[in-house]
Structure formats: C-alpha cells, structure tokens
Amino acid sequence: MSSIAQKKGFGATIWDFMTTVDHKKIAILYLISGGFFFLVGGLEAMLIRVQLATAGNDFLSAGTYNEIITMHGTTMIFLAAMPILLAFMNAIMPLQIGARDVAFPFLNSLGFWLFFFGGIFLNLSWFMGGAPDAGWTNYASLALASEGHGIDFYSLGLTISGFGTLIAGINFLVTIINMRAPGMTYMRMPLFTWTTFVASALILLAFPPLTVGLFFMVFDRMFGASFFAVEMGGNTIIWEHLFWIFGHPEVYILILPAFGIFSEIFAIFSRKRLFGYTALVFATILIGFYGFMVWAHHMFTVGLGPTANAVFALATMIIAVPTGIKIFNWLLTIWGGNISFTTPMIYAVAFIPSFVAGGVTGVMQAIAPLDYQLHDSYFIVAHFHYVIVGGVVLAILAGTHLYWPKMFGTMLSEKLGKWTFWFFFIGFHLTFFIQHFLGLMGMPRRVYTFGADQGWDLFNAISSAGAVLMAIGVIILLVNVVMTSIKNERVGNDPWGDGRTLEWAIASPPPFYNFAQTPLVRGLDTFWIEKMDGNKKGMIYAEPLGDIHMPNGSIIPFVISLGMFIASFGALYFLDGDKPWALAVLIIGLVITFGSMLVRSLKDDLGFHITKAELLEDAKGGNTDGH
Amino acid sequence: MDINQRYTPQSWPEHPETATMEGKNKFIGFWLLLAAETVTFASLFATYLALKDKGPSGMEFSAAGLFELPLVFAMTMILLTSSLTSVYAMYHMKNHNFKAMQAWLGITVLLGATFLGLEIYEFNHYVHLGFGYTNSAFSSAFYTLVGTHGAHVLFGLSWFIALMLRNAKRGLNMYNAPKFYLASLYWHFIDVVWVFIFTVVYLMGVIG
Amino acid sequence: MMKGIKKWRLFALMTTLLVFLAGCGREEISTLIPAGKVAQDQFNLLILSSVVMLFVIIVVSIIFVLAIVKFRRSKMGEDMIPEQVEGSARLEFLWTAVPIVLLLILAVPTVYSTFDLADVSTMDVQTEDGNSSHLTVNVTGKLYWWEFEYPEQGIVTAQELVVPTDERVYFNLISADIKHSFWIPSIGGKLDVNPENVNTFYLEFDQESSELEDGVFYGKCAELCGPSHALMDFKVKSVDREEFDQWVTAMQEEPTPAEDAVAQEGQELFEQSCIACHATSGVGGTGGVGPNLATFGDRNRIAGYLEHDEENLKNWIADPQEYKPGNLMPDPESLNDGEPFTEQQLDSLAAYLMGLTVEE
C-alpha cells in the first residue's frame, strides 16, 4: 500500500503475502479470502431462494439442493464469518493493546494457510464428484449413507481449517495475556479485545470436540471404523453431542467479536465512554461460560428425556440475562451521547432491534415443549439468520467500513456505504421475518421444494424477493471497494475523528513494526484521554526509541498447509479400490508437512532488528511497509 | 536474545523457560494447548464409555474378558517412572547441567520407547484374538482412545530425540531451554492421560 | 435516518398486514391452528412467550427510538463533548433482575409442560380384560415413507395413519435406516426417529379430520434424510372411536380379490412384480421393504404428496425416481424383463391398486 509496495512487481507482492508473518498483512489475507467465501456462500443462498421462490420449482434437483444448503451453511460459518472476524482481530487487537505483533507470528501465518487450504479443499468438492449433502450439521446416519466423496471433503476440509482456527485462538489468547502495553490492565482493555479474548478461549475449548467428531467420521467412512454404524454397535447420537458441544460455543465465537465491534462503534460515534464497561466485560465472560452448558437445546427432540430437556431449557434461558445486560448498556451508551450517523453507526443502531428480535425467538425456543414445534422448521431458520445476519454479518459490514481506513489507509465511500446498508437491511428483514411464520405454518427446514397445497407460496415468494435486495446491497459494497481503491485518498491516524482506543493513535495503515515506541496506557479509552489532555504527540510512550526485534517471514507455514492439503486427497481416495496412488499421495503429503515442521524446528529462526536510525528515517519519510 | 551467549550455572536464570518474552509466550501457549488436548481426550473418553462393550449382535468381546491387567500395570509403572526421570532432567536443566540433563532425557526416551513397544505388542495380541479395529464400535473406540495416546507418546519421543540431537553440540541456551521444558511438560501430560486410561479403560473395564 | 425509520415502520406495517391477509396457514398443517391437546399446550406456550417477548421488544424500542432521536449530532452540536458516564449499579441491577423475573414466568410452565408431554406412564395400563386401555402405534421411518403398525390389533398400514379422536394415542418411533423426525404440526410437536433407539410419546387428536378441507391432517419428516426428505409426507385420518374400530375390523379381514377384468389383470401383474416388497393385506407386522398397500384405494395422496388419481399413480409406477429421487422402489425395467411397463399394464395396475380398500 505504501510507495515501496507499489514499486514491487506483482510476483514479489504475492510472494510477500505468502511468506508474511505480519499480523496486519495476515489480516488482509483473512479479509480477502473470507470475503471471497462470503460471496460464494451468498451465491449459494441466492440459488436456494430462487429454488424456493415458487411451489414445486424444479430449478435445482433434490440432490443438488441438499449440496447447496450444506455448502451454504458450512461456507458461511467456517469460511466466511469466522475468517472475516479473524481478519479484524488480527488487524486491530494487537494495536488496541499496543503490542508489537501477535505472540506467535509464525503460527499466525500457519493458522491462516491451514484455514485457506481447508476452505479450498472443501470447495473443490463441487468439481470433484459432488459436494457434501448432509447439512452443515452433518448428522451421522445420513452422512454415513451419503454416496460419493462429498462428506469426506467436508470432514477433511473442516479438520484442516479447524486446526488453523485453533492455532489462531491460542495465539490471540497468549498475545492478550502476555503482550499488553504497560498500563494496559485487563480492565482497561477495549471491548473488542475482551471479546476477542473470550471468543479465543471458546475456540480453544470448542474446536477439539468437533475435531474428534470429524475424525470419527473420517475413520468410519474411510478406514472402516464403526463409531456411528448402528448395526456394528455404534451410536449416531454421539455425533450430535460432539457437534453441538462445539456448535453452540461456535455461535458465541461469532457473536462475541461482533458485540465487540459494535461496542467500539457505539462509543466512538456517540463520543461517549461505554456505559457499564465492567458489566459489559462480565456479561461477555458469562455468555462464554454458559455457552458450554446449553448444547443439548439443539437436541430437545432427540429423545434425551424430560429431565435433560428441562435442565437444558433453564440453562439456555439464563443466557438471556447477560445478553440483555449488554443491550441495555449499549442503549445507555448512546443515551446522552452525541450521535453521528456514519455508516458503521447506522449498522450498529440497526443491529439493536434486529438482534433483539433474534434473541427473543431464541428464548422462545429455549422453552423445550414449544421447541418441539419450532425445531427444524423455518422458524429456527429465521431465528438463526436473525442472530447471525442481524448480529454477525451486520457487525462484519460495520467493521469493514470502520476499520477499512486503518487496514488500507483510505476511507470507503459513506454515500455508497449507506446505500449498501439500506438495501441489505430492508432485504434482510424482508427475507427472514416472514420465515418465522412459515415455520409456524408447518414448513420444515431443508426441504428442496414444497407443494402448492401447503399454503406457503406467498411468504416464500416474499422471502426470495428480500434476498434479491440483500444481493444488491452486497454488490454496491463491492463497487464501493473498487472505487475506493482506485481513488485511494490517504487518511491520517484518526479518520473518524472520535477514535478512543490505541489503534487510532497510529498511522493508517500502521508501519509494519506498529508503534515505534510502546505507548503507556493511562486508562480506559487511552487515546481519548490523551486527546482530552491536549497531548500533541498523540500518546505518552513507555520507552525511549530503540532497536526493534522483528520475526523473519517464512514460506514454511504455506508448505506445511500445502502438505496437509495434498495428504487429504490421499486419505479421501484411500478406500477407492481403483486408485492405488492414493496411499502414495497420503504419504507424500504427510512427508511434506512433517518434513517442513522438522526444518522449522532444526533451523534456528532468530529474527532481525530494526535499528533506531532506520526508525528515525521512517518517522520522517514514511516507509510503512518494511521489506 | 543472543543465541551465542554462554551461561554458567551462576549466570543461568532460575526459571530459564520463562526468562525471555518468547519463552513466556511459549509457556502460556503450551498450557493452553494442553487445555485443548484435555478436551480432546475428554471427548474420546466419553465416546469410549458410551461405546464400551457395544458391537454387532453376538459379539464375543467385552472389556472384562479382553484386558489383562499385569501387562498394563507394567506399562503404567514404566511410563510413571519415565515421568519421574524427565523431572530429574529438568532439575539439571535448571542447574545448567547439560550432560546430566541429556542423560536423564535419554533414560526417559528409553522408558517411553519400552512403553510404546509394549503397547504395540498388546494391540497386536488383541488383533490376533480377532479384536480388530473394524470389529465393532467397542474396538473402534478402544483403539482410537488408546491409540491417540500412543501417537502422543510417539510424538513426545520424537520431540525429545530431535531436541537432544539438535542441541547435543551447543548445550543449553536461552533459546532452547523453553523447548526442553515444554517437551517435558508435554511428557507429564501424556503420563496423566495414561493414568486416566489405566483407570477408566483397564481397571474399570476388568472390575466392572 | 428519520426517513429510514419511516421506511422501517412502513415495512413492519406491510408485513403485519400480509400476515393477517394470509391467515395462519392451512388448518391441515399449521401449528397456529392446533387440533389436539399437545399442540394446544404448545400454542399456549407460544402465546405466553410471545407476550413476554413483545414486552421486552417494546421496552427496548422505546429507549432505542428516544435515544437515536434525542441525541443526534445535528441537535447536540458538532463540537459538543458529552459527559463520560461510567455506569450505574442501580440500573445494572434493574436490568438483571427484571429479565430474571420474566424468565421465571416462562420457566415454570416450561418445566411443567416438559414433564407432562413426556409422561408415558399410562401407556401400558391394562383394562380388566387384559387389553391396553390406550392405542399404541409403532412408527417406522423408512426412505422416504412411514410404516404404522398397530401391535395390539395385529395390523399394519403405511403412509396414512388412522387414529381415534379424543383419546391419548401412544407412539413408538424408530428408524429402519436414516434418522427422520415425526411431525404432525397441527396435532403436536415433533419427535426424532432415531436408528438406534425407540422414542416414545403421545398425541391427542381432538378434531375429526373429515371436517378439514382436505379430509386429512398433514404429517412431515422434519429431519434431513436425503434427497427426497421434502417429499417424505404422510397423512393422518382422525375418526371417532366407533369408526376406528370398524376400520380395524376391516383391516383384519383378508383382502377381496379384484373383480373386473382390467383389475384382475393388474392383480396378476402385481403378484409377479410388486408383491415381493408390497403386502396387500393389512394383517401382519412391520419390516416391509415397500409400504403396505392394503388401504391404497382409500388414500389421499400418491407417494405421499401427489394428487390421488390414476394418472399420477401410473406416472409414479412408470418412473419412481422422477418423483421421489433416491427412493428404493425399483424401475419397471428391472421387474418387467428389461422393458418399461406398457400403457395397458399401467392401466391395469392402477385399476387394481385403486380397488384396494377397506373403507366403504
């Protein structure tokens, strides 16, 4: 993005991104690939809505439809929403705590490439004999019976990208525990850092059960094990438990960072300190904690018995309390503030009614006997889209506008941003509000078609029309991105003017070593405090200008991930009788992976130093890109 | 951090594993990884308990009939001892006594390899009885749980060996001290998991 | 933004209007028109929770709208720096306590109803003459159809459940292959049909299905089970006890052979090709490869969802995969020496099948 980057050839730029261990560049990688998968998942959503626009439509065949709904859910959750949130975490969180980089820059890169290759592997299924078709929940009896390799793509792809996410989670946790700037106590951390922290802890504890479940699935389908094979003594409910022990925290892994982004936005654009900061922090922790105790509310109809259902129903209801605390604290943050309706703020404001609507239907479904009616109907489809789109996607769109200048040094157009908002927001409610009633009118989820005699035609048509509006909104956003990049008007440290936290005290985009001197944090909203004190230097610094130690870039994370990608093809075709090369591919892939890990561990990598002289040169000239 | 800096037992810090920022990060990160590993094994244990003795109708195998405690008890003792020897190794690491550390690590590796050998013998024995991996849900769950632990042992052994060979000539420094420390931490974790396997799978299997 | 709120209001108004225009869905399938005790209980919970939740929404909306109207920058001034309020312990307590109270209001009926709807303790209660006092139906979910066995009565049927009104009917659910879920929306919530264990619950049918426009309640599979999951429909006929007993007696009789010539021809063909999978007698147990056809002529739909006429029946037999992808019914070619059924053969099969009936 700087003058030096522009001089670089295309190949050199690609190589730079392949080997980078800089959290800001990795953030851009996450944003681009997550954004790409968001478009893929959106396209799949449009196909679904076209198919369901009229009764008895034959636009998609039954089998194809099941593949599309499976890939829509899987892509949106694992390959779009989570990576885009990881992009913001990577780009912003280390700046917010005044860290030089994340704790493990090498692992940060490895985490990205594992996610990336996992996602590519999963999507290659479309071109290699069919995508997975057992729903994103991949319930075991259907998954085991599914023909072809779709389910194998699902299990292996998610295993790989799951490792990547787990690594990212550990990395953020350690970064926040160990690398906060002097004075940045836990109770002075910005809310986005707090939510990153709790979401990372959830990743740490929630992903292993999924990985174990996926391994069982792989062993059952590819190596003849019988965890889920009923006639061999297996039990398919085990999959449901493992999946939802992961799956419910996963929802909070998505929504908590979204809460974090909105918390930042409310404070910035109300020009006011977050109301009840302490309560917001503890509500975040409580939500994360309860997230592990409610998984069986996805399984009320499985037949676990009334005691289990009642216990999980009550546990689920309790979550409404900390969530409510958050909503009211946000409302009181804007109350008495000085609200500027910028694009990010409009999203944040629109988030409140949308998310409350999604939240209350969540409580309704916690009522187990009522859930017997709502479960697996269109009501639940409406509910989780209200939570995920009304919460997470609105946060992603808001965050994109808010942090674009910090990541790329230029502002997205406010005018186009508002157009995007109105199309997306109206389209969103039009699509999903009506689905509550479809569910109550008896329409089950995951049906590829419905009869004209069921009374669902009109509402489905309305829902499909709403989806078109959402698509238009996303297209306007793309236009906005392209136009902004062409115009490329550079902005300063604090382009919104009301920044409160440390990330707004540094250049946009920041130099590759972040703060040349580690800042000293004097309280919550530390940059705001300095601004109010009239500090012309921006911040007070905790150390004199000196040499900075930086890690070396490395291609090894890319190679490790590539090895696993290759090995997965071997595992995939292992049991096919006609592919004797599968075992060789499996072994080659594993050799590449473990070989490069060995190289990494045997070759010392001590990094390099930026000298004080270079830093002074930078401060004058503005080399922000390093090598 | 200078990799070439020479230390004496006097200048060597009391906690070399956390004396540098990198060391501190690794220390915390590794504990977190162990938390994730704990959840992994908890999932495997839960699955094993759910599928214990479950198989196709007429399956002849059951935990009570299959497992033999004497061999497993010997394996347990060997692995527990190896955990103790790795503690000695770390004691010498903290005193900057490289040779003694290498020696104790060598003993640890030998004990670990013996354990692994016995486990392979045990699995082989069961397979010969007809209790193969694909035999039943019970066998799948058993081999996956115990085998995952075995894979961890193998990884731990490889890690120790790689560290010992890589650093054989250059001795201890602030760059590799955290690595030795974490490998030994990992070894303790493996040991603890085995104690649970011994109790839940074997003892509870044979007795009730 | 003011414009935005107006738009939003207009939109909300329009949706509400549409909802009323479209009513509450069809009475055969809507959970909003309950026709049994279980669905009624669940509907009451829906209303209760909706009222409570509406209260929450109204409170939030009032604060929300006031806040974004009152504290706009255009009103407050470009340079105004608001007071940096830290929070309020009293308010935090308030919005922790009030939701807890609201949740308690919901929690009590939730727990009561959870246990009430799972209470199958009277299932095995016997009358003095040693018969069960309640009807029990064993339901088996198969790709993509439903088998209903009446163990006490020694009869079995498929695709159309016949039940007596105004009494508790118990269901034992199990799947023969893939997980399904048994759902009759207007009668009561769903219960999963697992491959590894029997799930038991009860339903009550308070309305005779003959009063409905279509004459039957609609049942659905609510768990994705493969390509034709959407088509795994069944129908429910609820009749009064007397009529039910008559139906049972008729089912227990041997089927009468076809009478007219075309149907006889069809019967012959059926006995060569179809009988291996499809029974035509209502007497027997579960385990059929294909649905029992004893009541075929009485049914409301072909293949669970097509209009019940000969044309659809012929199309269905001629090419089952076209209408229910992934189902297990063989192609005619594999039954008829590699040839598709001729139009004549199809006519005769249709005539025979439409004649299979146990009702007057």
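Above this note sits the structure.
Before going into details, it helps to say that this report is about the structure given with it. Starting afresh in each chain, residues are numbered from 1 along the sequence in its written order. Chain A is the first chain written and ligand 1 is the first ligand written, with later ones labelled in order. Note on the predicted model: pLDDT of at least 70 is required for a residue's local features to be given, and 80 or more for side-chain atom pairs to be given and counted; whole-chain, interface and lining totals, by contrast, use all residues.

## A word on the overall build of chain A
Next, step 1: Secondary structure assignment for chain A yields 20 helices and two strands.
Next, step 2: Taken over C-alpha atoms, the radius of gyration comes to 24 Å for chain A, in line with the 25 Å a tight globule of 627 residues would show.
Next, step 3: Its C-alpha atoms put chain A at 70 × 60 × 45 Å along the principal axes.
Next, step 4: The exposure label follows from counting other C-beta atoms within 10 Å of a residue's C-beta, where the C-beta atoms are placed from the backbone and the thresholds are 20 or more for buried and 12 or fewer for exposed, leaving partly exposed in between. Per-residue burial for chain A yields a buried fraction of 65% across its 627 residues.
Next, step 5: By the convention adopted here, residues are in contact when the distance between their C-beta atoms, placed from the backbone, does not exceed 7 Å. Within chain A, contacts between residues separated by at least 24 positions form 82% of all contacts whose residues are at least 6 apart in sequence. Note on conventions: DSSP H or I runs of at least 4 residues are helices, E runs of at least 2 residues are strands, and numbering of each starts at the N terminus. Note that the radius of gyration is over C-alpha atoms, with the globule rule given as 2.2 Å times the number of residues to the power 0.38.

## Some details on the interface of chain A and chain B
When the parts of a complex come together, some accessible area is lost, and that lost area is often taken as the interface size.
Next, step 1: In this complex, chain A contributes 31 residues to the contact, which on the side of chain B involves 31 residues.
Next, step 2: Among the secondary structure elements, those contributing two or more residues to the side of chain A that touches chain B are helix 7 (150-178), helix 8 (191-222), helix 9 (237-270) and helix 19 (581-602) of chain A.
Next, step 3: When residues of the side of chain A that touches chain B are assigned to their parent elements, the largest contribution, seven residues, is made by helix 8 of chain A.
Next, step 4: Here the residues of the side of chain A that touches chain B sort into 21 nonpolar, eight polar and two charged. In the scheme used here, Gly and all other residues not listed as nonpolar or charged are polar, with Ala, Val, Leu, Ile, Met, Phe, Trp, Tyr, Cys and Pro taken as nonpolar and Asp, Glu, Lys and Arg as charged.

## Topic: the sheet that holds strand 4 (residues 160-164) of chain C
All names here are of chain C.
Next, step 1: One open sheet holds the five strands; their spatial order is 4-10-9-6-7, and the pairing between them is mixed. Edge positions in the sheet fall to strand 4 and strand 7 (188-193), since each of these pairs with one other strand and no more. For this sheet, the mean inter-axis angle between neighbouring strands, taken without regard to orientation, is 25°.
Next, step 2: Any two strands with at least two DSSP bridges between them are considered paired. Bridge count between strand 6 (residues 180-184) and strand 9 (residues 217-221): two bridges; the pairing is antiparallel. Bridging from a neighbouring strand, Phe-182 pairs with Cys-221 of strand 9.
Next, step 3: Here the axes come from fitting lines to C-alpha atoms, over the contacting stretch only for helices, and the angles between their N-to-C directions go from 0 to 180 degrees. Sheet strands in contact with helix 5 (residues 241-252) are strand 4 and strand 10 (234-239), and its direction is about 130° off that of strand 4.

## Details of the arrangement of the chains
Next, step 1: Looking across the two pairs of chains in contact, one finds the most contacts between chains A and C.
Next, step 2: At the level of C-alpha atoms, the two units chain B and chain C stay apart, their nearest approach being 12 Å.

## Re the sheet that holds strand 2 (residues 145-150) of chain C
All names here are of chain C.
Next, step 1: Spatial ordering of the open sheet is given by 3-2-1-5-8, a layout of five strands whose pairing is mixed. Only two strands of the sheet have a single partner each, and these edge strands are strand 3 (155-158) and strand 8 (199-204). Sheet twist, expressed as the mean angle between neighbouring strand axes with direction ignored, is 25°.

## Points about the pairing of strand 4 of chain C
Next, step 1: Burial analysis of strand 4 of chain C places five of its five residues in the buried class, the great majority of the element.
Next, step 2: Residues Glu-160, Val-162 and Pro-164 of chain C of strand 4 of chain C are buried on one face, and the alternating residues Leu-161 and Val-163 of chain C, pointing to the opposite face, are buried as well.

## So, the packing of helix 12 (residues 343-366) of chain A against helix 15 (residues 414-440) of chain A
All names here are of chain A.
Next, step 1: Axis separation between helix 12 and helix 15 bottoms out at 10 Å; the angle between their running directions is 10°. Viewed along their axes, helix 12 and helix 15 adopt a mutual orientation that is roughly parallel. From helix 12, Thr-343, Ile-346, Tyr-347, Ala-350 and Thr-361 reach across to helix 15, where they touch Glu-414, Gly-417, Lys-418, Phe-421, Phe-425 and His-436.
Next, step 2: A class-by-class count of the residues in the contact of helix 12 with helix 15 yields five nonpolar, four polar and two charged. Oblique is the label for every angle not falling under 35 degrees (roughly parallel), over 145 degrees (roughly antiparallel), or within 65 to 115 degrees (roughly perpendicular).

## Here's the deal with the interface of chain C and chain A
Next, step 1: Counting residues at the interface gives 81 residues for chain C, matched by 83 residues for chain A.
Next, step 2: Going through the elements one at a time, helix 1 (2-22), helix 2 (37-70), helix 3 (73-76), helix 4 (89-117), strand 6, strand 7 and strand 9 of chain C are the ones with two or more residues in the side of chain C that touches chain A.
Next, step 3: Taken together, the residues that form the side of chain C that touches chain A break down as 47 nonpolar, 21 polar and 13 charged.

## Brief notes about the nonpolar core
All names here are of chain A.
Next, step 1: Counting 367 residues, the largest nonpolar core has Ala-81, Leu-254, Phe-262, Ile-265 and Ala-398 as its most contacted members.
Next, step 2: Sort the elements by how many residues they give to this core and helix 9 lands first, with 23 residues.
Next, step 3: Filtering out sequence-adjacent residues up to four positions away, Phe-262 remains in contact with Trp-330, Ala-348, Phe-351, Ala-395 and Ala-398. Think of a nonpolar core as buried Ala, Val, Leu, Ile, Met, Phe, Trp, Tyr and Cys residues chained together by C-beta atoms that fall within 7 Å.

## With respect to the pairing of strand 8 of chain C
Residues and elements named next belong to chain C.
Next, step 1: Taken across its six residues, strand 8 has five buried, putting it largely inside the fold.
Next, step 2: Bridging between strand 5 (residues 168-175) and strand 8 involves six bridges; their strand directions are antiparallel. For Tyr-170, the partnering residue across the bridge sits in strand 8 and is Tyr-202.

## Section: the environment of Phe-569 of chain A
Next, step 1: Position of Phe-569 of chain A among the secondary structure elements: in helix 18 (residues 556-572).
Next, step 2: In this structure, the C-alpha to C-alpha distance between Phe-569 of chain A and Ile-475 of chain A, residues 94 residues apart in sequence, is 35 Å.

## Digging into helix 5 (residues 105-124) of chain A
Next, step 1: Helix span, expected: 1.5 Å multiplied by one less than the number of residues in the helix. Over its 20 residues, helix 5 of chain A runs 29 Å from end to end, which matches the ideal 28 Å to within 8%, given 1.5 Å per residue.
Next, step 2: Among the 20 residues that make up helix 5 of chain A, 16 are buried, leaving the element largely enclosed by the rest of the structure.

## Digging into unusual backbone geometry
Next, step 1: Cis geometry is found at the peptide bond from Ser-508 of chain A to Pro-509 of chain A, where omega equals -10°.
Next, step 2: With respect to the element layout, Pro-509 of chain A can be found in the loop between helix 16 (457-487) and helix 17 (526-532).
Next, step 3: The omega torsion across Leu-143 of chain C and Tyr-144 of chain C is -15°, close enough to zero to call that bond cis.
Next, step 4: Mapped onto the secondary structure, Tyr-144 of chain C falls in the loop between strand 1 (135-142) and strand 2.
Next, step 5: You will see that Asp-337 of chain C, though not glycine, has its phi angle at about 55°, which is positive.
Next, step 6: Structurally, Asp-337 of chain C is set in the loop between helix 9 (332-335) and helix 10 (343-354).
Next, step 7: A residue is classified by how many C-beta atoms lie within 10 Å of it, and Asp-337 of chain C, with 6 of them, is exposed.

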